[in-house]
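Inside the fold
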Amino acid sequence: ESFGSYADYVTYQLAAKGVNTTALKTFNFYLPSYPSQQVCEDYSSKCGGFIQLSGLEALVPKCSSKTSSISNYPNSTQTIITLPIEGFEVALTTDPNELEDSNNNEYEPKCPTGFVIPDDPDNSLVRYVPDSTSACAISCKFPFYTISEYDTFIRVSDVGPNIGLPMVFFVLIVWLIDETRRKQYLVILFNAIALIITIQCVYMSTIPFEKKFCSNNAVTITDKDGLTACNVQSFVIIYFILAEVLTWGLIAVDLYLKILTRVNTNQLWLTYLLIIFILPIIPLTILGGKKQYGYNGVTFCSISTYAGDLDLAMFILPIFIVTIIGSLCMFAVIIKIIQSTKNVQVGHKSKIKSSVVVPSEQIPKSQNSSQCNDPKLELHTTIPKFNDLVVSKVEDSNTDIVVSKVLEPNNNNNVITEVIKIKPIENKQKNESSNNKRKLVLKLNVPWKMIRTPLMFVTIYTGVWFTLFLLRFQVYFGHNKFQDSFADWAECVFTYYNGDDASWLSNCGKHPKHRPDYNLTLWLGFIVNSHAIVVSSIFLMNPSIWMSIYNSFMKFICKTNSSNYNAMKNRKSVVGDSSYG
C-alpha cells in the first residue's frame, strides 16, 4: 500500500520541513495487506482435520491472533502505522487482501498419476500414500494398472455384453422353438440365467467408470453408499452366477444319471429347482448381513475388497466344488461313449466309414415323412443327440441304451429325418433277441462327432472358472508381496516426483513390480461382463444346432407351401361348384 488518501497531505508537510519531495517521489512505500478472517475460518474448517491427521497441528491457523495491535486476519480495514507530523497523527490503513474465501485461489496441489487429492479427506475409507505425509491419496482406479490398461478393461466390459446379449437370446429362441429341445429344461434355464446376468452388465456398460464404481475420486463404492448400480450388480453377480454354476453342474449330473445309472431324472425336476434357486440365497444372505459388497476392482462389483477372505468360502469354494463334480460326471459320460463305440457292428467299408446297428423294432414310425414332396426342398440328416450334450448312438452288451431314428429316402435319394428317441431296453433278453431282427445302419463319424458337444460343454465352462480360481489364489498367496511392492513403488514415485510424471517414470516404472497378472485380470473381466458370449458359444459352436435351425426353417417352408396348395385347391373347387349354378 502507498500512503493512499493521505499522500498529498504527507507530501505537503514533508516539503514544509525542507524535505525534497521530488526525491520522495522516487521511493515506493508499501504496507502489508492481511488475509480476511473469513478466509482463515474457511481454511481451518476444510483443512484443519487433515493437518491434524498429518501430525502438524502447529500449521493450523489461529484466526483471532494478533501481532501487537494488528490483527493477522482482520474483518475490515485496519490501521497499520501512525505517522506523527507537526502535531498531527496520520493513520496509514489497509484493507484485507482480495482473497475473499479459500476457494478463491489459483493454486491447486498436484499428485502423480494414480494418486489424487481426496474430495472428502475426512472419509475413513480414503487410502493415503503409505509411509508418507503427502496430501495425495490412492485413486479409486487403484494404480496396480496403468491408465491405458484401465482403458482396455473398460472397452472390453462395455462392448462384450452388448455382443453377448443377442447371442444368448438367439440360443434361447432356438431351444424354445424346437420341439425336441423345448423339453431340455435345464439347458433353457442355464441360458435364461446367463441372459439375466448379461442384461445387468449391458445396463452397467452405459454408466461411466467413475460414476458406477467410485463414491468419490479416492473411495470405491461400498455398502455405505446405499442402493447404487454397483451394489445391485453385486447381488446379481453373487446370486445368479452361483445359480448358473449349479445349473451347469446339474446338467452334467443329470446326463450321468441317465446314461450310466439309467435313473429316471424327470422325477428330480423339483429337487433341481430347489438346489438352483435356494442354495445361492445362503451366501447372499451372509454377505448382505455383513455388508461385504461393492466394487471389487477390475470392471464389475461383487464381494467387497474389505471382506477379507470371506469370498473364498461364500463364492469361490462353492464354484470350485460344483465345477469339479460336474467335470467328473461329464468326463465319465464321455468315456462311456468312447468305450461303447468299440463294440458297434460296422457295415461295408465301401459304403460307409463307420456305423452303428440299431434294432428296427426300436425305431418309431414316421409321422410325417412325406410332408414336403417338392424335390427342391430337402431335409438333411442331423447327428443324433441326447439333450444336445451327448451323442449316444450305441448298443452293446454293457448298456441298455438304444438310439432310435426314422430314416426314409425320398424320390431324389435325399434323406428325411425324424425325432431321435432314446429308449431303455427292458431286459437283456429283449436286447439279444432284437439282434436277430432287421437292422438299420446309420452313417456316423466316430468318435469325434459323438463326444464333440459334451467335450466343449465341459472344457469351455471349466476353463472360464479356472481363470477365477487362478487369479483369486494368486491374490490370496501373493497379497503381502503385492502390498509391499506397491508401498515400495509409491515411495519411489513421491521421492522423484516434482510435479511432472516424467520425473519418476524412468526410475520407478509405470506400475508396481509385483501385481495381480494383467492378462488374467483382463480375461476375468471379460468372462463376467461378456458372460453371454462364453455361454452361448458352448451351443453355437455345435454344427447340429445350425442344421436343426435349417431343418426347422425347411419344415416351415413345407407347411407354408402345403397350406397354399390346399387353399388353392379349395378355391378351385369352390369356383367349379359355382359354375354349375
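In what follows, the accompanying structure is described. (Residues numbered from 1 in each chain as written. Predicted model: local features only at pLDDT ≥ 70, side-chain atom pairs only at ≥ 80, totals over all residues. Heavy atoms only, no water.)

1. Regarding the pattern of salt bridges
Under the definition given, this model contains six salt bridges. One salt bridge connects Glu-210 with Lys-141, and the closest N-O pair in it is separated by 3.4 Å. Of the two residues, Glu-210 is situated in helix α6 (residues 209-213) and Lys-141 in the loop between β6 (137-138) and α4 (147-177); the sequence distance between them amounts to 69 residues. Residue classification places Glu-210 among the partly exposed residues on the basis of a relative accessible area of 44%. Taking the shortest distance from any N to any O, the salt bridge between Asp-178 and Arg-181 comes out at 3.4 Å. Each member of the pair Asp-178 and Arg-181 is classed as buried. (Salt bridge = Lys/Arg side-chain N within 4 Å of Asp/Glu carboxyl O. Helix = DSSP H or I, 4+ residues; strand = E, 2+ residues; numbered from the N terminus. Buried < 20%, exposed > 50% of the residue type's maximum accessible area, 1.4 Å probe, protein only.)

2. Overview of the packing of aromatic side chains
All chains considered together, the criterion is met by 32 aromatic pairs. Relative to Phe-539, the ring of Trp-175 has its centre 5.2 Å away and its plane inclined at 70°; by these criteria the two rings are edge-to-face. Of this pair, Trp-175 sits in helix α4 while Phe-539 sits in helix α15 (residues 531-540), and the two are 364 residues apart along the sequence. Both residues of the pair, Trp-175 and Phe-539, count as buried. Ring-pair connections join several aromatic residues into one group, and the members of that group are Phe-115, Phe-142, Phe-144, Phe-482, Phe-486, Trp-489, Phe-494 and Trp-504. Positioned above the aromatic ring of Phe-209, the side-chain terminus of Lys-141 is 4.9 Å from the ring centre. Just above the ring of Trp-175 sits the side chain of Arg-181; from NZ or CZ to the centre is 5.1 Å. (Phe/Tyr/Trp six-rings, centres within 6.5 Å; stacked < 30°, edge-to-face > 60°. Lys NZ or Arg CZ within 6 Å of the ring centre and 35° of its normal.)

3. Some thoughts on helix α9 (residues 281-289)
Residues of α9 that are buried include every one of Pro-283, Leu-284 and Leu-287, and no others. When α9 is viewed along its axis, its buried side chains cluster within an angular range of 100° and face the same direction. When the buried face of α9 is taken as reference, the exposed residues oriented beyond 90 degrees from it are Thr-285 and Gly-289. One or two positions beyond α9, positive phi appears at Lys-291, with a value near 55°. (Arc of directions from axis to C-beta.)

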